[in-house]
Amino acid sequence: MLNIALPKGRLGEVVYGIFEAAGYGCPQIRENSRRLIFESEENGVRYFWVKPSDVSIYVEHGAADIGVAGKDILLEYSPEVYELLDLGVGKCRMAVAAADGFHYDSDRTLRVATKFPNIARSFYRTQSRDIDIIRLNGSIELAPILGLSDVIVDIVETGVTLRENNLSVVENIVPISARLIANKAGYQFNHGAIAELCDCIAAQLRCRVQEEEGRK
Amino acid sequence: MEINAAVLKNGERAMLALRALYTRYGYSCFKMSKFEEYDFYVHNRNFLRGDTIVTFTDNGGRLMALRPDVTLSIVKNVSGCPPQPVKVYYNENVYRETRGSREIAEIMQTGLECIGDIDLYQTGEVVLLAAQSLAVMGEQWVLDISHMGFLSALLEAVSLDEAVREKLIRCVRDKNVGGIRTICAEASICAEDTDRLCTLGTLFGPVEEVLPQLRNISVNAATEAALDELSALCDILSGVIDTKRINMDFSIVNDLSYYNGIIWNGFLRGIPQCVLSGGRYDPLLEKLGKKCGAIGFAVSLNLLERYYAAPRSCDADILLLYDDETDAVALTQAVRMLCDSGKTVRAQKTVPEGFRYRQLLRMKDRGLEILENNA
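Throughout, residues of each chain are indexed from 1 in the direction in which the sequence is written. By the order in which they are written, chains take letters starting at A while ligands take numbers starting at 1. Where local features are concerned, this predicted model is filtered to residues with pLDDT of at least 70; where side-chain atom pairs are given and counted, the filter is 80 or more; whole-chain, interface and lining totals use all residues. Derived side-chain values reflect all non-hydrogen atoms in the structure, with water molecules and hydrogen atoms excluded from consideration.

Trainee: Looking at this structure, how should I read the overall build of chain B?
Mentor: Put simply, DSSP marks the helices as runs of H or I at least four residues long and the strands as runs of E at least two long, and each gets a number from the N terminus on. Helix and strand counts for chain B stand at 13 helices and 16 strands. Atoms counted for the radius of gyration: C-alpha only. Globule rule: 2.2 Å times the number of residues to the power 0.38. What you see for chain B is a C-alpha radius of gyration of 26 Å, clearly larger than the 21 Å of a compact globule of 375 residues, by over 25%. Expressed as lengths along the three principal axes of its C-alpha atoms, the size of chain B is roughly 90 × 55 × 40 Å. Between buried and exposed lies partly exposed: a residue is buried under 20% and exposed over 50% of the maximum accessible area for its type, with that area taken using a 1.4 Å probe on protein chains only. In chain B, buried positions account for 50% of the 375 residues. A fraction of 68% describes how many contacts in chain B between residues 6 or more apart in sequence connect residues 24 or more apart. Computed with a 1.4 Å probe, the accessible areas rest on the Shrake-Rupley method; for each residue, only the protein chains presented here act as cover. About 18,400 Å² of surface is accessible on chain B, with carbon and sulfur atoms providing 48% of the total. The charge count includes Lys and Arg as positive and Asp and Glu as negative, but it does not include His or the ends of the chains. To locate a charge, take atom NZ for lysine, CZ for arginine, CG for aspartate or CD for glutamate. Here chain B holds 41 positive side-chain charges and 50 negative ones, and the gap between their average locations is 3 Å. In what follows, a contact means two residues having at least one pair of non-hydrogen atoms within 4.5 Å.

This is the structure in structure tokens:
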């Protein structure tokens, strides 16, 4: 039985759809209930919903054998897990944004507001820039508007929120999407089951790409 | 002196069993100080895991560090070029930052080092002892083996700049084949080399099954030499241990500037992290001015505590109550008698809050009265 941690929310539902289509369905999960754990003995899987940023913690500590986490979380927290597959869903990018017309003043320390201090730090380290990190937990876009920071480092999906607040992307850092991750010790003992699941999911992803291309 | 194994913690029990194992193979115990001068670690920081070293100033004003690692201290104390291999084992605590919480933790560690002229026999013996250590600690174990020489030769053959190389190593470590393909495409690496690197990211399985696939991606004399060493090691191990439990897995990657040959990680079912890790680390010896090779491994015994066995169901077999009128001589004899019968006994006047016991007894003039049985 493989324990699978899925991220709560819209992304989790899309991801479960992929697992289901790949032959790892669990009908109870579609029922409207308050249960947290769903099991399909027939398909050898047990799913549980967790907060998206907690998926990698469940997997790293072995409470889940595999899980689905955003690349942003993997880059920020560097959990000791295998990153087996790019699921190609939940696509967005990590980017630096600033108020429209912003010019970088190399004479001053750059103030960077972000929920992702490690990603921001390593990005600016490669550019040898002196920065001050201002760690925020939400509404990051407010920071440059109110003068709390010069720029923000955040996830950009469509860019609508930025545009509506007169902000724009200054630099792209890295593309983001959902990744299938596995516990390193669990992988040793469940290698056959995990490898088979990966193959089935990869085949399912190829089907989806072909269908999308067919529609175009 | 007889030791009742039931009173030992899992880590302590494993430590004693491992000590016996290493002694049987002629390794001698190495005892060392808990402190080293901070400077010593600063020069070899990449060899240590984690960034934080606990420091303090001693009476002479020197900046000292609580030992974050044992291997460095052992290597430091070995003469420049020992005529015969130095074989030592240790049971020591180290002080390191834990992953995730970033708190400093005291970690009980045991391990062994073989330093000197490391030939094929010595390599085989150390890897065999690593596998036997896992077998001592649990029935279901797996030892994953990689070869830093193979990995570095393959990467050198592709001739990459340092930043790309580091990213690729990280992807191999994470089994992130998609990442390898992306980086190779960005760095204009040819399709053949990309496939070779992707193979490294996916290969997993018993050494004898995986070796032929590795031969297919071998590129030069250095990669061939690494594979010959793995093959010879496999021959040694197959005669004495179940090699189906020994997998080839290149996701084990250590710092190339410290490790150069075979490296490995050991796992026990039920423990979500690697409990044993080791490898060949000649470059460290070179950095410390020693003209010889070295191989060894460490076991993190603290990981055994939480995952290894079911939690204790009671605090003592018997809770024996007495009062101010009880004859202390008779009480002492009664406790002794119960202990001699193999039971664990706590004697006191009242029941402590939350205390769990199998049997509650009271000391009376006539003898012991049973008040409660929870067995």
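Trainee: Just to check I follow, could you spell out the sheet that holds strand β8 (residues 131-135) of chain A for this structure?
Mentor: Within a sheet, each strand pairs with its neighbour through backbone hydrogen bonds, oriented either parallel or antiparallel. Residues and elements named next belong to chain A. Note on pairing: DSSP must find at least two bridges between two strands before they are called paired. Strand order in this open sheet of five strands is β8-β7-β9-β6-β10, and the pairing throughout is mixed. Every other strand in the sheet has two partners, leaving β8 and β10 (167-176) as the edge strands with one partner each. Shown here is a sheet whose adjacent strand axes are inclined to one another by a mean of 25°, direction ignored. Pairing of strand β6 (residues 92-99) with β10, which is carried by eight bridges, proceeds in the antiparallel orientation. Paired with A99 across the two strands is L167, which belongs to β10. Axis definition: a line fitted to C-alpha atoms, over the contacting stretch in the case of helices. Angles run 0 to 180 degrees between N-to-C directions. Helix α4 (residues 117-126) contacts β6, β7 (110-114), β8, β9 (151-156) and β10 of the sheet and is inclined by roughly 170° relative to β8.

Trainee: Help me understand the interface of chain A and chain B, please; the structure alone is not making it clear to me.
Mentor: Quite often, the size of an interface is put as the accessible area lost when its parts meet. Each partner contributes residues to the interface: chain A has 21 residues there, and chain B has 21 residues. Both faces combined, the contact of chain A with chain B buries some 1,600 Å², and carbon together with sulfur accounts for 48% of it. On the chain A side of the contact with chain B, E83, Q188 and F189 of chain A bury the most area, a combined 38% of that side's loss. For salt bridges, the criterion is a side-chain nitrogen of Lys or Arg within 4 Å of an Asp or Glu carboxyl oxygen. Run the count over chain A and chain B and you get one salt bridge. Note that R173 of chain B is salt-bridged to E80 of chain A, the shortest N-O span being 3.2 Å. For the side of chain A that touches chain B, the secondary-structure elements that each account for two or more residues are α3 (71-77), β5 (81-86), β11 (178-183) and α7 (184-189) of chain A. Buried area: the accessible surface (1.4 Å probe) lost by two parts on joining, summed over both.

Trainee: Quick question: what am I supposed to make of the sheet that holds strand β5 (residues 86-97) of chain B here?
Mentor: Residues and elements named next belong to chain B. Taking strand neighbours across the sheet as the criterion, the nine strands line up as β1-β5-β6-β12-β11-β10-β7-β9-β8 in an open arrangement whose pairing is mixed. Each edge of the sheet is formed by a strand with only one pairing partner; in this case those strands are β1 (28-29) and β8 (204-206). As paired strands, β1 and β5 are joined by two bridges and run parallel to one another. Pairing of S28 across the sheet is with V88, part of β5. Seen against the sheet, helix α1 (residues 10-24) touches β5, β6 (104-116) and β12 (293-300) and runs at an angle of roughly 10° to β6.

Trainee: Even after reading the chapter, I still don't get unusual backbone geometry, so can you show me in this structure?
Mentor: With glycine set apart, most residues show a phi of negative sign, and most peptide bonds adopt trans. For S139 of chain A, which is not a glycine, the phi torsion comes out positive at approximately 45°. Mapped onto the secondary structure, S139 of chain A falls in the loop between β8 and α5 (142-145). Positive phi, close to 55°, is recorded for S188 of chain B, a residue that is not glycine. Note on placement: S188 of chain B falls in the loop between α7 (177-186) and α8 (191-202). The class for S188 of chain B is exposed, based on a relative accessible area of 66%.

Trainee: What am I meant to see in the pattern of salt bridges here?
Mentor: Two side chains bearing opposite charge may form a pair once their charged atoms approach each other closely. Residues and elements named next belong to chain A. For the structure on display, the rule yields 30 salt bridges over all chains. The closest approach of N and O atoms between K71 and E83, which form a salt bridge, is 3.0 Å. A residue pair is termed long-range when its members are at least 10 positions apart, and K71 in helix α3 and E83 in strand β5 qualify at twelve residues. Residue class for K71 comes out buried when judged on its relative accessible area of 13%. Here E83 ties to R179 by a salt bridge, and the two come within 2.8 Å at their closest N and O atoms. Residue E83 is found in strand β5, and its partner R179 is found in strand β11; the two are separated by 96 residues along the sequence. Both residues of the pair, E83 and R179, count as buried. Where salt bridges share partners, they join K71, E83, D86 and R179 into one cluster.

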